[in-house]
Amino acid sequence: MGARTVPQAALHLEYAQQHMTQAKEHMAEEEGEPALHALDKAEADANLALELARSAQAQTEAQEALREGNELRKNASVYSQIGDS
């Protein structure tokens, strides 16, 4: 699951790209400090996008594990009832 498939992650990825564009514009104007500031923002948004995407993936995997566990529990209950007969 990538950053683009998680809405909040995609939003922050877009912000990161906007900040990088701003940094390039500042660099073209030889404005070092504003460029560095924009790059700091880009890095922060990119990191947040990455963490949001990871979190969504982890949540999806946890939900799948719970579903699988519930299915196994149902099957174990059936076998338990058969064995008790």
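Within each chain, residues carry numbers counting from 1 in the order of the written sequence. With the structure being a predicted model, the display of local features is reserved for residues of pLDDT at least 70 and the display and counting of side-chain atom pairs for 80 or more, all residues being used for whole-chain, interface and lining totals. Side-chain numbers here rest on the full set of heavy atoms in the structure, without hydrogens or water.

Draft legend 1. Broad picture of the side chain of H19. Going along the chain from the N terminus, every DSSP run of H or I of four or more residues is numbered as a helix, and every run of E of two or more is numbered as a strand. Inspection of the secondary structure assignment puts H19 in helix α1 (residues 7–28). Throughout, exposure labels follow a simple rule: accessible area from a 1.4 Å probe, protein chains only, divided by the maximum for the residue type, with under 20% read as buried, over 50% as exposed, and the rest as partly exposed. For H19, a relative accessible area of 14% translates into the label buried. Residue contacts are defined here by distance: any two heavy atoms, one from each residue, within 4.5 Å place the two residues in contact. Aside from chain neighbours lying at most four places away, what touches H19 is A38, K41, A42 and D45.

Draft legend 2. Structural view of unusual backbone geometry. For E30, which is not a glycine, the phi torsion comes out positive at approximately 60°. Look at E30 and you get exposed, because its relative accessible area is 74%.

Draft legend 3. The nonpolar core, seen in detail. Counting residues in hydrophobic clusters, the biggest one holds six residues: V6, A9, L13, A49, A53 and A56. Here the element with the most residues in this core is helix α2 (residues 32–84); it accounts for three residues. In plain words, nonpolar cores are sets of buried Ala, Val, Leu, Ile, Met, Phe, Trp, Tyr and Cys residues tied together by side-chain atoms within 4.5 Å.

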